[in-house]
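# Fold and contact review
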Amino acid sequence: MRKRVNGLLWAVLAVLWFLFTTVLLFGILSNIVNQDRQEEDRKEETNVRRNLPQTRISTTTKRMIESLLEEKTARAYKFTRYSLDVQKSRRLDAHLRKMLKTHKRPKDSYYSFNVTRSETLSVTRDVIDERPDECKKRMFNYSALPTLSVVTPLHNEALTTLLRHVHAILNRTPPKLLKDIILVDDNSTLSYLGSDFQEYLKILDSKIQIVRNTQREGLILSRLKGEVMTQGDVVVFMDAHMEVCEGWAEPLLERIKSQSAIVVQPDIAAIDGDTFSLYTGFKVKFRGGFGWDTRYSWLPLPTYHSQFRNSEWDPIPVPILQGSCIAVSKSYFHTVGRFDDGLEIWGGEHFELSFNVWMTGGRIETMPCSKVGHIFKSNKYSFGQKKDKNYIVAKNNMRVAEVWMDEYKHIVRAAVKAWQNPLPVFTDADWKSIGERKKMRRRRKSESFNWFLKNVIPEYKIPSKDDSFFGEIQNVQTKSCFFVFDDDYIGMTSKCETFVIIPENSFAFDNSGRLKYGDKCVGYDRRTYLLLITECPCKRGGKDGITWSFTNDQLVLTEKSETLCATQANSGFSIHNGKEIVQLQACDKKRKVQKWSFQFHFLYK
Ligand code: UDP
Ligand code: MN
């Protein structure tokens, strides 16, 4: 019996041993095979890598792979879009039609755009997405973006453009990112902006809030009031007749998330005030700056920019915000001291914020992939009971100059005086609040205005104290401006715009009768009488007997007893043959090609 048991035990052990060795052997073998395979894979991979440049993939295949990859990323970051349910939409439509019927509104001329046309267009209309592909393809990690609030002040706006503004924001902002839309009604008097309007908003969406000023406070104070009510991480200040385009918010939010000290704006496109078509998608060729007379002006993108920009996606640093759409994180907005609340009604706040941000270590940028349309119009509303628009705008801008522009404020004062004379005066209360703002500037260890000019707009030209006229010289008839050919002769540009400043075409007319170009002067070729750049007499240590005067829009050159006038003409000489040039000709008050205007005029006394 015992022998039998022993035999059975041995048999079981033998089976187990067999199984164990088989498994072990298999394991070792498969490992060797795997290693071989991995080795082969690796070889193949290096081969592939090595061969990659030679590998030919057809363009179709490449496109297919690319589109597959895109689809994958797109799926990964999909977000739920806003949708207006059909019933609500019908209700709103009926409500709007009733409002337009029951309330009388001012004529189109009051708004200075075609409101009648606007009323025929849907308030939820689509606008063409003209963003370049680079912008459309960009994917965002929606869960990581900050949330946003829109603050829109409004004073007697047209109802339909205002509603289009609100619908566009709701419709084209990822709902998860949009916290609220705060409308600040700045004491509007038009009846259709009353309770019926409020009712419309109530039906539309609970994210919209409206707060009403019991007296006119102006756009700056209204924006400040609205900002306090916002729930989002980022606040976007907008005008009530703006229409955001597809994908407008993401580029702004992503940029703000990546930089703590930054204020950004979209590419602000023009909505035609007559046809309401929206011009987006053009390359951003200009950046916002300022004229010495404090007018908002555009400067060409300097060439030194292009070396830093690789795609349409890249931000464009801009000296001055355009003003109608400003995006900033709420915490940074508070760090820089918000908008200056001493600015009245309208104007100056975008200059102020821009100087403030740049000079205290921040940046201002345009995100060209973000497109927002704006109806550019002239302001027809009143600016307050006693003062007119020019007075208030001049006062605001001089306040900004007083706080931020250091010694350059004298130039600004002299240039403002040319369009607002006498200059506005500051009250004691004004001086006190200006003092407070200056204190804040010192506390924030601001750079000087000279630093701003040298670092933010190095290409900009600065007038000197004895210049009475400065900037581009425009022909009254042809609208062309002086420019300097490589051989120093003066030619004429094809056209020049009032609000575009081409710094290298800046000339100066000074009190001692000189027409200057940088540290050179304008003289003439004694054979052809064509204008050209020469050394200045004072530089050569003697007088060359030429005196310029600028009277009745004529640029008159006097030499001995002879007087001649700068005239735009077509060159009949071998010098720039057939091109538009400037020649001295006999003065004739009736000839408009002899009439000129300078961009800036300074009145120091
Ligand atoms: N606005 C305001 N109160 C004012 C003046 C303007 O609330 O006293 C609003 C106006 O309705 C608009 C925004 O501020 O939504 C900017 O004004 P506007 O569009 O006239 O300025 P512009 O675009 O001409 O610079
Ligand atoms: Mn506007």
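Quick caveat: nothing in here was measured; it's all calculated off a predicted structure.

Overall, the predicted model of the protein chain reaches an average pLDDT of 89, with 86% of residues at or above 70. Here helix α18 (residues 537-540) stands out as the element of the protein chain with the lowest mean pLDDT, 52, in contrast to strand β4 (residues 234-238), whose mean of 99 is the highest. Between residues 39-55, whose pLDDT stays under 50, and residues either more than four places distant or in other chains, the model counts zero contacts.

A few words now on helix α3 (residues 86-102). Spanning 17 residues, α3 covers 24 Å between terminal C-alpha atoms, matching the ideal 24 Å at 1.5 Å per step. Among all positions of α3, only L92, H95, L96 and M99 are buried. Seen from one end, α3 has its buried residues packed into an arc of 100°, which puts them on one side. For α3, the exposed residues lying more than 90 degrees away from the buried face are V86, Q87, R90, R97 and K101. Capping the start of α3, D85 holds a side-chain oxygen 3.1 Å from the backbone nitrogen of Q87, two or three residues further along.

Turning next to the site of ligand 1. Taken together, 17 residues lie near ligand 1, and P153, E157, D186, N379 and Y381 sit nearest. A distance of 3.4 Å separates an oxygen atom of ligand 1 from a polar backbone atom of L154. For ligand 1, an oxygen atom lies 2.7 Å from a polar atom in the side chain of N379. For ligand 1, the protein covers 92% of the area, taking 520 Å² as the surface of the free molecule.

Note on the manganese ion (ligand 2): its protein donors are D239 (OD), H241 (NE2) and H374 (NE2). The metal-donor distances range over 2.1 to 2.3 Å. Here the donor residues of the manganese ion (ligand 2) are spaced in sequence according to D-x1-H-x132-H. Placement of D239 in the loop between β4 and β5 (242-244) and of H374 in strand β12 (residues 363-375) is noted, with a sequence separation of 135 residues between them. Of the residues examined, D239 reaches a relative accessible area of 18% and is grouped as buried.

Moving on, we come to the pattern of salt bridges. This structure, assessed with the given rule, holds 33 salt bridges. Notably, a salt bridge pairs E119 with R105, separated by 2.8 Å at the nearest N-O pair. With E119 in the loop between α5 (115-118) and α6 (133-137) and R105 in the loop between α3 and α4 (108-111), the pair connects residues that are 14 residues apart, well separated along the chain. Looking at R105, the relative accessible area reads 23%, which means it is partly exposed. Its salt-bridge partner being D406, residue R441 comes within 2.9 Å of it at the nearest N-O pair. Of this pair, R441 sits in helix α16 (residues 428-443) while D406 sits in the loop between α14 (389-404) and α15 (409-417), and the two are 35 residues apart along the sequence. Note on D406: relative accessible area 27%, which makes it partly exposed. Here the salt bridges do not stand alone but share partners, grouping D466, D467, D510, R514 and K516 into one network.

So, on to the nonpolar core. With 64 residues, the main nonpolar core has L148, I181, L183, F197, M238 and W248 as its most contacted residues. A total of seven residues in this core trace back to one element, the largest contributor, which is helix α7 (residues 159-172). In this structure, I181 is in contact with V150, V166, I169, L170, K207, I208 and Q209, ignoring residues within four places of it in sequence. Counting 61 residues, the second-largest nonpolar core is a separate cluster that includes V235, F237, L299 and L453.

Moving on: the side chain of K417. Mapped onto the secondary structure, K417 falls in helix α15. At 14 Å, E402 is the nearest oppositely charged side chain to K417, a buried residue that forms no salt bridge. A distance of 2.4 Å separates the side chain of K417 from the backbone oxygen of K605, its partner in a polar contact. When near neighbours in sequence (up to four residues on either side) are disregarded, K417 contacts L423, L603 and K605.

Per the counting criterion, the structure on display carries 34 aromatic pairs. Here W346 and F383 contribute two aromatic rings whose centre-to-centre distance is 6.0 Å and whose plane-to-plane angle is 75°, an arrangement assigned as edge-to-face. In this pair, W346 sits in the loop between α12 (330-335) and α13 (349-359) while F383 sits in the loop between β12 and α14, placing the two residues 37 residues apart along the sequence. The class for W346 is partly exposed, based on a relative accessible area of 28%. Among the residues examined, F383 registers a relative accessible area of 4% and is labelled buried. Each ring, one from F469 and one from F550, has its centre 4.8 Å from the other, and the planes form 80°; the classification is edge-to-face. With F469 in strand β13 (residues 467-475) and F550 in strand β20 (residues 546-551), this pair connects stretches of sequence that are 81 residues apart. Summarising the burial analysis for this pair, F469 and F550 share the class buried. By the ring-pair criterion, three or more aromatic residues cluster together here, those being F290, W292, F355, Y408, F449, F452 and Y460. Positioned above the aromatic ring of F276 is the side chain of R164, whose terminal nitrogen or guanidinium carbon lies 6.0 Å from the ring centre.

Cut-offs and rules
- Residues numbered from 1 in each chain as written.
- Chains lettered and ligands numbered in written order.
- Predicted model: local features only at pLDDT ≥ 70, side-chain atom pairs only at ≥ 80, totals over all residues.
- Heavy atoms only, no water.
- pLDDT = per-residue confidence, 0-100.
- Helix = DSSP H or I, 4+ residues; strand = E, 2+ residues; numbered from the N terminus.
- Contact = heavy atoms within 4.5 Å.
- Expected span 1.5 Å × (residues − 1).
- Buried < 20%, exposed > 50% of the residue type's maximum accessible area, 1.4 Å probe, protein only.
- Arc of directions from axis to C-beta.
- Polar contact = N/O pair within 3.5 Å; in protein donor to acceptor, adjacent residues only side chain to side chain.
- Near = heavy atom within 4 Å.
- Areas by Shrake-Rupley, 256 points an atom, 1.4 Å probe, with all protein chains shown as cover.
- Donors = N, O, S within 2.8 Å, 3.2 Å for Na, K, Ca; no water.
- Salt bridge = Lys/Arg side-chain N within 4 Å of Asp/Glu carboxyl O.
- Core = buried A, V, L, I, M, F, W, Y, C linked by side-chain atoms within 4.5 Å.
- Lys, Arg positive; Asp, Glu negative; His and termini not counted.
- Phe/Tyr/Trp six-rings, centres within 6.5 Å; stacked < 30°, edge-to-face > 60°.
- Lys NZ or Arg CZ within 6 Å of the ring centre and 35° of its normal.

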